[in-house]
Amino acid sequence: MTTTDATTAAATTESVPTSQTLAADTRRNSHPLLRVRDLSVRFEPKMSPALTAVDKVSFDLLEGEFVGLIGESGSGKSTLAMALLSLLERPGRISNGSIEFDGEDIASMSQEDLRHRRWRDIATVFQSSMNSLNPVMRVEAQFRDAIEEHSELRGDAVTERVRELFSMVMIDEKFMSAYPHELSGGMKQRINLALALCNRPRFVLLDEPTTGLDVVVQRSILEAVRRLQKEQGFAVLFISHDIGTVMELSDRIFVMYAGQLVEQQAATTLVKDPLHPYSKGLLGSYSNPRADTVRVTYIPGRPPDLTRPISGCRFAARCPEAIERCSSDEPQLLPLAGGRVACHVAHLQRGPSEDKPDGLPEQTTRFAGPEFVKTAEDSDRARRGEVFLEVDSVTKVFERRRGLRKQQTLAVDDVSFALRKGEVTALVGQSGSGKTTLARMITGVDKPSSGTIRFTGSEGTIAVEKLRTRQLRDYRKHVQMVFQDPYSSLNPALTLRYTLTRPLRNHRGLSAQEADAVAGELMETVALTPSNRFLDRYPHELSGGQRQRVVIARALAANPELIVADEPISSLDVSIRAEVLELLQELVTGHDIGVLYITHDLLSARLLADEILVLSQGRVVEQGNALEVIRNPQDAYTRTLLDAIPNPFEQATTTS
Amino acid sequence: MRYFVRKIAFFLATLWAAITLNFIIPRLQPGDPAEVMVQKLAGKDAQLNPAAVQAMRAMLGAPDGNLFTQYVSYLGALAHGDFGISYTYYPYPVTEVIGQALPWTLVLVGVTQILAFVIGITLGAYAAWRRNTRFDSIVTLGSTFIGTLPSFWIALLLLFVFGYTVGWFPTSGGYSASTPGFNGPFITEAVSHSFLPALSLLITAPIGWILGMRNTMVMNLGEDYIRLAKAKGLPDRVVALRYAARNALLPSVTGFAIALGGVLGGSILVEQIYDYPGMGRLMGEAIGNRDFPLLQTLLLFIIVGVLLANLVADLLYGVLDPRARRAQS
């Protein structure tokens, strides 16, 4: 660790215990601010079967407490959030239970009474879908209506308050008169945060407030959240699937699975000693990037279908520690080790020894499921491969015409690197760093303004920058893309069979029968077996991880030598990311394919890549062996990216 | 500011193109209009009398000089409001004929269009706000059904029932015995004469606005900013109007401005059914009588009307939607 790195790390670790002790002090002498009992939310659509998305959830949230809520997508986190805000849309409704806020049940309160409490007591920041502000109103007006509705402030006093709120989230007050589209994503989310705090609420619900933002921007917003929470003492329920961030910020953590809370635990305890196997599985998706060998676990399978009755523990089918009792008795959320957990095994393991049945698994802190392992030896082997892609001082200048003037933007500035067979090179950078433009030039979509790209494939060496339409099509057999969002990169109207056989017939010229057979093999390669069960399905019948595997299978169909993967795991749940990484890793080693891995996240780059190129404003600021770059970053920008990676484990060791 | 300048420049360019096309197209037609006229008057097989043709030319005002001088004098004539003489209403100038018809149409079609828009937007917004209720189903299904009926058929039906069978309203014309002007009897007559045509138009005209507004607003209600507005505890009225309807209205504004531009053309079928003295009936006559000067001027009027309306729509859109200003400037 360099000196600057050490100081920043020290600064963060120093501030954390203060916030946590502060919260702990308030907790001891206060009654629950929010008291939720047996809360169930049911969706009863007319056309499809009813389901209970939130099932008998009970918890307390204390005044000034910062609680994180984690779980896979579809676990009911957001539905719970909407229920707490009384904003459920039909066909969803609260079917059971109570939500007491400061002693009053808001679930049974009239809409009008509730309306007067909104934003004064309970405020929220929604998912950073960039769409929470009314596009046709100036920002100040959107603060004004909320302030005037719930307070005595009028006229200039409101403007003064808005100015104060803007400075609180460190946004220049000149943006008060801006329209939402004139703000960047990060600014919008800061303003949303300020808006949530405009009436000094006692409870703020943060529903994935930074998803979709750049890591560095994410970090700055979360730091603002933490600082303001400390200063103003409001309680927070922080929902996110980014487990690292949640762990780092929260006092306590709720883990949710299939509509139920399965564990409630202090954050520091959960990091060291997770009780529920599901919590272990989620935590296993984090690993210390500085270690020689990185290991991340993943949870195979999918959450249960909530439209059908489930007997026993809902996680049993995916649980490596399941015992007989788990498939028949439903576990209750009972106190254990200072927290609460709904797991037979955890209770038995820590219970008196005479109760222990035979075959009870050993007590562990790691998820005993499949894992993805990347060792330093893997990378060493990869570096001995044969170079097949050479990018030499490539520059791309975009010209934009504004009236009569021409504006030039330097998107990629003199980038050179080489890619070997069986090697993964990561292009890391924030949005706008030129990483996507570089990938577009390598795939032949854009032409470089200067510099050369040499590709050596089965048909000899090709100068990619000189290819014309016809040759480009041939070149693309060798180069395939895997995109970020597996939900939109598969045509929803086509079966997987069609999706897979099309490139086989186009690129390899196979007959229909041959293509069908190869499609089956491809499905086996990406571990969607038995292939016949999957080939006639449509994309919507698959989970996100399965879809991304289909996308990879499609990329493999053309027998490529190079795969360009643009953020292939960022839209996937942490629990299945490792599964896709594992698959990519197998392809690299087993098929001698080179992979160009594009990401904004150094951590995921470290997991898969052998070499890392850090790009900033079109230039390569750092380049080298992945482990070296992570352990010993030379450039200030690389360090900024590294600092943005949450590291709950490191923190747990320093605070304990 | 740039946005507005661009829009106005675009309007002027299109206007010039339209005026020029209006000049060129008749000159591309084969034959001499004077000869055609004389032939028509004399009968199909009659020998053309050169003197008659000459006289006709003098009467219609035959063009002389090369194409460019013609074009300059055409623009000059336009600038002075000289559009030629109508064949049908000879010897009245076209401008006077149109001047007679214009107020009738402006009042009848203009008022019904504005009413239709207001009714349509209100019903649509309310149906969307109470979506999936009985009110919504009645409005949506009802307007889909009525939308399938042609307005001239409704006009005939109303004319039959209220004009002839019951006899509550006059069946034709814009007024009967009174002197046109700002006086009591005339206004009463004008209103009673225009009631049935207006009603015929009003039954179908709001349907497009209802369905359009409802669908856009239902989509808007799913947006995050609506959810946030509700979470802010704003009253329903504010959420519905300032957040949902304000955004949903945007696409309809352009449509409305263009519809207003079309008002100048009147409503040909309905005006003919009620023999209403407006632009629509005039257009029907001009077509029937091959009255080229009149027809050409009417078309120019409609073009200018639609262009102006488009300009207004663009300018208004720029005011209503801040995103449009930046995206195009």
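Every value quoted in this text rests on a predicted model; they were computed, and no experiment measured them.

Enquirer: Is there a simple way to explain the overall build of chain A in this structure?
Expert: A tally of regular secondary structure across chain A gives 23 helices and 24 strands. In terms of overall size, chain A behaves like a compact globule, its C-alpha atoms giving a radius of gyration of 26 Å where 656 residues would be expected to give roughly 26 Å. Expressed as lengths along the three principal axes of its C-alpha atoms, the size of chain A is roughly 75 × 70 × 55 Å. By the burial criterion, 55% of the 656 residues in chain A qualify as buried. Across chain A, contacts joining residues at least 24 apart in sequence account for 69% of those joining residues at least 6 apart. Roughly 27,200 Å² of accessible area belongs to chain A as shown, and the carbon and sulfur atoms make up 47% of that amount. Put simply, chain A has 78 plus and 87 minus side-chain charges, and the middle of one group is 5 Å from the middle of the other.

Enquirer: How should the overall build of chain B be read in this particular structure?
Expert: Along the backbone of chain B there are 15 helices and 0 strands. Considering only C-alpha atoms, chain B reaches an extent of 85 × 60 × 40 Å along its principal axes. The buried share of chain B, taken over its 329 residues, is 40%. A fraction of 70% describes how many contacts in chain B between residues 6 or more apart in sequence connect residues 24 or more apart. Total accessible area computed for chain B in this model is approximately 17,500 Å², and 68% of it derives from carbon and sulfur atoms. For chain B, the distance from the average position of its 22 positive side-chain charges to the average position of its 17 negative side-chain charges is 18 Å.

Enquirer: Whenever I open this one, the domain arrangement of chain B confuses me. Can you help?
Expert: For interface size, the figure often reported is the accessible area lost on association. All names here are of chain B. According to the domain assignment, chain B consists of domain 1 (2-79) and domain 2 (97-328). The distance between the C-alpha centroids of domain 1 and domain 2 comes to 34 Å. When the two sides are added together, the surface that domain 1 and domain 2 hide from each other amounts to roughly 1,500 Å², 71% of it contributed by carbon and sulfur. When the buried surface of domain 1 facing domain 2 is broken down by residue, Tyr 3, Phe 11 and Asn 22 rank first, second and third, together holding 41% of it. On the surface where domain 1 and domain 2 come into contact, there are 1 salt bridge. Residues Lys 7 and Asp 314 are paired through a salt bridge, measuring 3.7 Å at the closest nitrogen-oxygen approach. At the boundary of domain 1 and domain 2, one finds 1 residue pair in polar contact (both at pLDDT 80 or more). It is helix α1 (residues 2-28) that provides the largest number of residues to the side of domain 1 that touches domain 2, a total of 12 residues. Of the residues assigned to the side of domain 1 that touches domain 2, the class counts are 9 nonpolar, 2 polar and 3 charged.

Enquirer: Help me understand the interface of chain B and chain A, please; the structure alone is not making it clear to me.
Expert: The partner chain A presents 28 residues to the 24 residues of chain B that form the contact. Across the chain B/chain A interface, buried area totals approximately 2,600 Å², and carbon plus sulfur atoms make up 55% of it. Here chain B and chain A share 4 salt bridges between them. One salt bridge in this structure joins Arg131(B) and Glu89(A), with 3.5 Å as the shortest N-O distance.

Enquirer: Hey, could you run me through the confidence of the model for chain A in this one?
Expert: Residues shown with low pLDDT carry predicted positions that ought not to be read at fine detail. Residues and elements named next belong to chain A. Averaged over all residues, the pLDDT of chain A is 84; the fraction at 70 or higher stands at 93%. The low-confidence segment residues 1-29 (pLDDT under 50) makes 25 contacts with residues lying over four places distant or belonging to another chain. Confidence drops under pLDDT 50 across residues 652-656; counting only partners more than four residues distant or on other chains, this segment forms 4 contacts.

Enquirer: Can you walk me through the side chain of His276(A) in this structure?
Expert: All names here are of chain A. Mapped onto the elements of the fold, His 276 is located in the loop between α9 (267-272) and α10 (277-283). For His 276, the side chain forms a polar contact with the main-chain nitrogen of Tyr 278, separated by 3.0 Å. Each residue touching His 276, except ones within four places of it in the same chain, is listed here: Val 262, Glu 263, Phe 315, Val 341, Ala 342 and Cys 343.

Enquirer: It is not clear to me how helix α9 (residues 206-221) of chain B should be interpreted in this structure. Could you clarify?
Expert: In an α-helix, one full turn covers 3.6 residues, which means residues spaced three or four apart are oriented alike. Residue and element names in this part refer to chain B. For α9, built from 16 residues, the straight-helix expectation of 22 Å at 1.5 Å per residue is met to within 8% by its first-to-last C-alpha distance of 22 Å. All buried positions along α9 are accounted for by Pro 206, Ile 207, Trp 209, Ile 210, Met 213, Arg 214, Thr 216, Met 217, Asn 220 and Leu 221. Buried residues in α9 make contact with α5 (94-129), α6 (134-147), α8 (184-204), α10 (224-231) and α11 (236-262).

Enquirer: Help me out: how do you make sense of helix α7 (residues 151-165) of chain B in this one?
Expert: Residues and elements named next belong to chain B. Relative to the 21 Å expected for 15 residues at 1.5 Å per residue, α7 spans 20 Å between its end C-alpha atoms, a close match to the ideal helical length. Leu 159 marks where α7 bends most, by close to 25°. Of the positions making up α7, those classed as buried are Ile 154, Ala 155, Leu 158, Leu 159 and Gly 163. In the core, the buried residues of α7 are packed alongside α8 and α12 (268-273). Phi turns positive one or two residues past the end of α7, at Gly 167, with a value near 75°.

Enquirer: What exactly am I supposed to notice about the nonpolar core here?
Expert: Residues and elements named next belong to chain A. Among the nonpolar cores identified, the biggest contains 168 residues, and Phe 143, Phe 203 and Ile 612 are the most heavily contacted of them. A per-element tally of this core places helix α19 (residues 574-591) first, with 9 residues. With residues near it in sequence (within four places) discarded, Phe 203 still touches Leu 33, Leu 34, Leu 61, Phe 101, Asp 121, Ile 122, Ala 123, Phe 234, Ala 235, Val 236 and Leu 237. Among the nonpolar cores identified, the runner-up in size contains 27 residues, and Val 391, Val 412, Leu 596 and Leu 613 belong to it.

Enquirer: Explain the sheet that holds strand β6 (residues 122-125) of chain A here, please?
Expert: Strand-to-strand pairing in sheets goes through backbone hydrogen bonds, with the strands running parallel or antiparallel. Residues and elements named next belong to chain A. Sheet architecture is open: 8 strands sit in the order β6-β7-β8-β3-β9-β10-β13-β12, paired in mixed fashion. Two strands in the sheet have a free side with no partner beyond their single neighbour: β6 and β12 (334-336). On average, adjacent strands in this sheet sit at an angle of 25° to one another, irrespective of strand direction. Note: β6 against strand β7 (residues 203-207), 4 bridges, orientation parallel. Bridge pairing links Ile 122 to Phe 203 in β7. Of the strands in this sheet, β3 (66-70), β7, β8 (235-239) and β9 (252-257) are in contact with helix α2 (residues 77-84), which crosses β7 at around 150°. Across the face of the sheet, helix α6 (residues 185-196) comes into contact with β6 and β7 while running at roughly 175° to β6.

Parameters at a glance
Residues numbered from 1 in each chain as written. Chains lettered and ligands numbered in written order. Predicted model: local features only at pLDDT ≥ 70, side-chain atom pairs only at ≥ 80, totals over all residues. Heavy atoms only, no water. Helix = DSSP H or I, 4+ residues; strand = E, 2+ residues; numbered from the N terminus. Rg over C-alpha atoms; globule rule 2.2 N^0.38 Å. Buried < 20%, exposed > 50% of the residue type's maximum accessible area, 1.4 Å probe, protein only. Contact = heavy atoms within 4.5 Å. Areas by Shrake-Rupley, 256 points an atom, 1.4 Å probe, with all protein chains shown as cover. Lys, Arg positive; Asp, Glu negative; His and termini not counted. Charge placed at Lys NZ, Arg CZ, Asp CG, Glu CD. Domains from an automatic or database assignment. Buried area = accessible area lost by both parts, 1.4 Å probe. Salt bridge = Lys/Arg side-chain N within 4 Å of Asp/Glu carboxyl O. Polar contact = N/O pair within 3.5 Å; in protein donor to acceptor, adjacent residues only side chain to side chain. Nonpolar A, V, L, I, M, F, W, Y, C, P; charged D, E, K, R; others polar. pLDDT = per-residue confidence, 0-100. Expected span 1.5 Å × (residues − 1). Bend = angle between axes of the 7 residues up to and from the residue. Core = buried A, V, L, I, M, F, W, Y, C linked by side-chain atoms within 4.5 Å. Pairing = 2+ DSSP bridges. Axes fitted to C-alpha atoms, helices over the stretch in contact; angles between N-to-C directions.

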